[in-house]
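Spelled out from the first residue to the last, the chains are:
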Amino acid sequence: MGLHFHRHPDGTTTGRNDASGFSVTHADEEEVKRLLYEDAGWQYTPPPPPVPAGFHRFALVHEEFGAVGFGDERYAGVRERPPEGCVPVDWGCFALECERPGKTLLDAVAGTVAQVRREHGLVMNSLGVEKPQEWLGDDRDGCAAVIAAHLLLTGTHRARLLGYGRKDLVRLLDATGIE
């Protein structure tokens, strides 16, 4: 079964349920999603309200290749005293769902990662993006920014596991010509 969504230049969205053949077009994208979920027999959960200006919503995850879960003792301190605006959650691993201030999404993520590392000795290494190759949007603080931050954190974590250090990573960034 597949649900497909297509945004049109006129601002409307069309959704289609392949299994039933149901199709709907509406100006409200969330209404299209709700109707398709209802047709598929799935429960629809509306998106949370927007965050206040200057705040960003994101998840930080500590992913390990071993069988480490939410209840691991390494996470006790951050479970008890998470950064302000963050809530510990069990995603089958340790995660924080956060609404934090920052000039940009990357600024909010960086500040939170630094605070968790400084206060709890834990380096959060992911934003929990399952398919980062599915680039969505061009909003500097939207989904595309979440994917960019996720790739940086997971890349840094994996480089560290391979024995690369800060100088190696900075040299690679500098080689790209990023300003």
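All values reported here derive from a predicted model rather than from experimental measurement. (Residues numbered from 1 in each chain as written. Predicted model: local features only at pLDDT ≥ 70, side-chain atom pairs only at ≥ 80, totals over all residues. Heavy atoms only, no water.)

### Quick notes on the packing of aromatic side chains
Counted under the stated rule, the structure contains four aromatic pairs. Centroid distance Y37 to W42: 5.4 Å. Interplanar angle 85°. Geometry classified as edge-to-face. By relative accessible area, which is 39% here, W42 ends up partly exposed. Taking the centre distance of 4.7 Å and the plane angle of 15° together, the rings of Y75 and F94 count as stacked. You can see Y75 sitting in the loop between strand 4 (55–62) and helix 2 (76–80) and its partner F94 sitting in strand 6 (residues 94–101), a full 19 residues away along the chain. You can call F94 buried: its relative accessible area is 0%. An aromatic cluster of three or more residues is present, and its members are Y37, W42 and Y44. (Phe/Tyr/Trp six-rings, centres within 6.5 Å; stacked < 30°, edge-to-face > 60°. Buried < 20%, exposed > 50% of the residue type's maximum accessible area, 1.4 Å probe, protein only. Helix = DSSP H or I, 4+ residues; strand = E, 2+ residues; numbered from the N terminus.)

### Observations regarding the state of the cysteines
A full pass over the atoms with the stated rule returns one disulfide. Between the sulfur atoms of C86 and its disulfide partner C98 the distance amounts to 2.2 Å. Taking the sign of the S-S torsion, about 110° here, the bridge from C86 to C98 comes out right-handed. In this pair, C86 sits in strand 5 (residues 86–90) while C98 sits in strand 6, placing the two residues 12 residues apart along the sequence. (Disulfide = S-S within 2.5 Å.)

### Thoughts on the sheet that holds strand 4
Across the sheet, which stays open at both edges, the three strands sit in the order 4-6-5 with antiparallel pairing between neighbours. Looking at which strands have only one partner, the edges of the open sheet turn out to be strand 4 and strand 5. Shown here is a sheet whose adjacent strand axes are inclined to one another by a mean of 20°, direction ignored. Here eight bridges tie strand 4 to strand 6, and the two strands are oriented antiparallel to one another. In the strand pairing of strand 6, L60 is matched with L96. (Pairing = 2+ DSSP bridges. Axes fitted to C-alpha atoms, helices over the stretch in contact; angles between N-to-C directions.)

### Points about the sheet that holds strand 2 (residues 13–17)
Read from one edge to the other, the open sheet built from three strands follows the order 1-2-3, with strand pairing classed as antiparallel. In this open sheet, the two edge strands, each paired with only one partner strand, are strand 1 (3–7) and strand 3 (23–26). Averaged over all adjacent pairs, the angle separating strand axes in this sheet is 15°, with direction ignored. Sheet topology places strand 2 next to strand 3; four bridges connect them, and they run antiparallel. Among the inter-strand pairings, T13 is bridged to a residue of strand 3, identified as H26. Most of the contacts of helix 1 (residues 29–40) go to strand 2, to which it runs at about 10°, and overall it touches strand 1, strand 2 and strand 3. (Contact = heavy atoms within 4.5 Å.)

### Considerations on the side chain of H157
Structurally, the position occupied by H157 is in helix 4 (residues 143–161). Apart from residues lying up to four places away in sequence, H157 is in contact with E63 and N125.

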